[in-house]
Amino acid sequence: MTMYAALLRGINVGGRKKLPMAELRALMAGLGYESVQTYLQSGQAVFAARGDAESLAAELTKGIEERFGFSVDVLVRDHAYLRAIAEACPFPAAELEAKQLHVTYFSGPVAPERFADMDPAAHLPEEFRLGDRALYLYAPDGLGRSKLAEALSRPRTNKGLIATTRNWNTVVKLVQLTAPGT
């Protein structure tokens with residue numbers, strides 16, 4: 001069995017797509033996943049399962065739609081990937097507040113050409129860097145005030161991809177929760 005994290009996009013935000021975590025855990029256990037835990041109310045779950053990340057994401061997406069009646073984008077990532085993303089952070093994470101640093105996880109590779117029309121200097125001191133199916137965002141005033149985050153989330157920038165963002169505390173916690181032996 002491999003430990004995975006499921007990242008659900010856009011649930012329990014603004015009263016839309018309400019998905020109680022206890023019910024999500026029950027659904028996941030019903031799908032045969034083991035050691036199911038949820039983290040916060042904003043769509044993170046960790047679990048042990050056999051299978052590949054894409055198949056598990058599709059299975060969970062289908063299960064949520066059948067049980068709750070709405071579609072949710074789901075990304076599934078294993079511990080090794082989550083740890084590699086945390087370790088590869090190009091910003092000094094230990095020196096920053098968690099609200100200043102975010103990771104956007106993508107469903108597939110992200111080519112730098114997607115961001116070619118952005119002028120990095122226009123958004124300073126905010127910055128972003130690309131990683132393995134991920135984007136690191138430094139937003140010193142937080143995500144809610146970030147003009148760069150707004151520009152990065154435009155539909156044409158993310159066209160054809162599922163994208164979901166987590167703050168640094170959540171990035172680190174998911175690494176811990178999916179670690180072998182936890």
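Look above for the structure.
Residues numbered from 1 in each chain as written. Predicted model: local features only at pLDDT ≥ 70, side-chain atom pairs only at ≥ 80, totals over all residues. Heavy atoms only, no water.

Draft legend 1. Quick peek at the packing of helix α1 (residues 21–30) against helix α2 (residues 53–68). At a minimum axis distance of 11 Å, the contact between α1 and α2 shows a crossing angle of 120°. Classed by the angle they form, the pair α1 and α2 counts as oblique. Of the two elements, α1 crosses α2, and the hand of that crossing is right-handed. Of α2, the residues touching α1 (which contributes Glu23, Leu24, Ala26, Leu27 and Met28) are Leu60, Gly63, Ile64, Arg67 and Phe68. By residue class, the composition of the contact of α1 with α2 is 7 nonpolar, 1 polar and 2 charged. (Axes fitted to C-alpha atoms, helices over the stretch in contact; angles between N-to-C directions. Helix = DSSP H or I, 4+ residues; strand = E, 2+ residues; numbered from the N terminus. Parallel < 35°, antiparallel > 145°, perpendicular 65-115°, else oblique. Left-handed = near helix turned anticlockwise from the far one by under 90°. Contact = heavy atoms within 4.5 Å. Nonpolar A, V, L, I, M, F, W, Y, C, P; charged D, E, K, R; others polar.)

Draft legend 2. Examining α2 more closely. In a regular helix each residue adds 1.5 Å, so 16 residues correspond to 22 Å; α2 covers 22 Å between its end C-alpha atoms and thus fits that length. Those residues of α2 that fall on the buried side of the exposure criterion are Leu56, Ala57, Leu60, Gly63, Ile64 and Phe68. For α2, the buried positions fall inside an angular range of 130° around the axis, keeping them on one side. In α2, the exposed positions angled more than 90 degrees off the buried face are occupied by Glu54, Lys62 and Glu66. Check the buried side of α2 and you find it contacts β1 (2–9), α1, β3 (44–49) and β4 (73–78). Capping the start of α2, aspartate 52 holds a side-chain oxygen 3.2 Å from the backbone nitrogen of glutamate 54, two or three residues further along. In the stretch just after α2, glycine 69 is the one whose phi turns positive, near 80°. (Expected span 1.5 Å × (residues − 1). Buried < 20%, exposed > 50% of the residue type's maximum accessible area, 1.4 Å probe, protein only. Arc of directions from axis to C-beta. Polar contact = N/O pair within 3.5 Å; in protein donor to acceptor, adjacent residues only side chain to side chain.)

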